[in-house]
Amino acid sequence: MTALGIIKAWRHNTMITTYHRPQTLDEALALLNQPNTMPLGGGTLLSRSAVDSVSVVDLQHLGLDSLRANGSEFVIGATCTLQSLYEDSNCPNPLKNALKLEAPLNIRNAATVAGAIVASDGRSPFVTMLLAMDAKVDYSPLTAGNPKSTVLGLGEYLLTRPRGLVTSITIPLNTKNAFQFVSKTPADKPVVCAALAQWNSGRTRLTLGGYGKTPLLAMDGTEANGLEEAAMNAYHEANDEWASAEYRMDSAAVLAKRCLESISRA
Ligand SMILES: Cc1cc2nc3c(=O)[nH]c(=O)nc-3n(C[C@H](O)[C@H](O)[C@H](O)COP(=O)(O)OP(=O)(O)OC[C@H]3O[C@@H](n4cnc5c(N)ncnc54)[C@H](O)[C@@H]3O)c2cc1C
């Protein structure tokens, strides 16, 4: 927990005034309970913080960067970089496709999985795909006393954004998945994207991204019936400077259909 000096952030002249690099989770949580103190993942966004000065707790020595298959689940450490997840053999291909659109290679090499989730909005293809897979977020709440680690579904996590340190994300390895998108250029973040996960039981989850504050859950059903209608309904107000709601509704239905076709072929 040494102050290594003052790092001038490159965007809004904001300052990281105190830098801590704890060795244990307990130490990190104690530091994070101090006012105006934030977790530092890859720092790609935090350096653009809107507050005037901030203390940061660098997570890199906490050992939260493992990627591990555990039966039918894949446990992704919070501080894994987007690129290390992309390169892992357990990473499902549709998630890789979404990761590639999330940020360019240089950013993927620095940005962490948890940082990307915490900082995400509805345009995030990565979080759209995770939400379809019904990812679970493991985090330690920042409250006085002795907080227990808590697991929340990603959907609830995104809605409530609880104050806490994310330690890992878990996704299923036994689902069929698909990801489809439309964007202005092949490397742009999508204007509309659809992600689909289907379990052996028939359970089918469709999510949409490209708009708003968080990706949307369009359908979580026991089978795939009504997928295209659900996609259209979910985006009936998805109007912004990037595209009209009508365009997004039509595109979402087409992308949902393509996702289902791709899963059926797999
Ligand atoms: C040049 C540049 C280009 C970029 N391009 C893109 C782009 O194309 N697309 C895009 O989506 N983003 C882009 N970004 C934004 C940024 O890269 C992403 O949001 C990134 O995924 C953030 O991850 P990080 O690990 O760097 O997070 P940080 O900057 O370290 O942190 C981001 C936020 O997450 C919090 N946080 C980090 N780790 C945890 C944790 N374990 N638990 C709880 N909270 C945590 C931090 O406190 C902070 O509030 C860009 C940034 C830069 C500098």
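To start, this report covers the structure provided alongside it. (Residues numbered from 1 in each chain as written. Predicted model: local features only at pLDDT ≥ 70, side-chain atom pairs only at ≥ 80, totals over all residues.)

1. Description of the environment of L206
Inference 1: Relative to the assigned elements, L206 resides in strand β12 (residues 204-209).
Inference 2: Separated by 73 residues in the primary sequence, L206 and M133 place their C-alpha atoms 8.9 Å from one another.
Inference 3: The residues touching L206, leaving out its near neighbours within four places in the chain, are A132, A194, L196, A218, M219, L227, A230, A231 and A256. (Helix = DSSP H or I, 4+ residues; strand = E, 2+ residues; numbered from the N terminus. Contact = placed C-beta atoms within 7 Å.)

2. A word on the nonpolar core
Inference 1: Within the largest apolar cluster, 75 residues are counted, with the highest numbers of intra-cluster contacts made by V113, L130, A194, L206, A231, A252 and A256.
Inference 2: Not counting the four nearest positions on each side in its chain, V113 is found in contact with I76, A78, C80, L82, L85 and I169. (Core = buried A, V, L, I, M, F, W, Y, C linked by C-beta atoms within 7 Å. Buried ≥ 20, exposed ≤ 12 C-beta atoms within 10 Å, placed from the backbone.)

3. Looking at helix α1 (residues 25-32)
Inference 1: Here α1 has its buried residues at A28, L29 and L32. Buried residues of α1, viewed axially, fall in a sector of 95°; they line one side. (Arc of directions from axis to C-beta.)

4. Remarks on the sheet that holds strand β13 (residues 216-221)
Inference 1: Pairing is antiparallel in the open sheet, where 4 strands are placed in the order β10-β11-β12-β13. Edge strands, defined here as strands with exactly one partner in the open sheet, are β10 (176-182) and β13. Each neighbouring strand pair of the sheet contributes to a mean axis angle of 10°, computed without reference to strand direction.
Inference 2: Looking at chain direction, strand β11 (residues 192-198) and β12 are connected through 6 bridges and run antiparallel. Within β12, the residue paired with C193 across the bridge is G209.
Inference 3: Packing against the sheet, helix α3 (residues 93-102) makes contact with β10 and β11, and its axis sits at approximately 30° to β10.
Inference 4: Sitting on the sheet, helix α6 (residues 125-132) touches β10, β11, β12 and β13, and the angle it makes with β12 is about 165°. (Pairing = 2+ DSSP bridges. Axes fitted to C-alpha atoms, helices over the stretch in contact; angles between N-to-C directions.)

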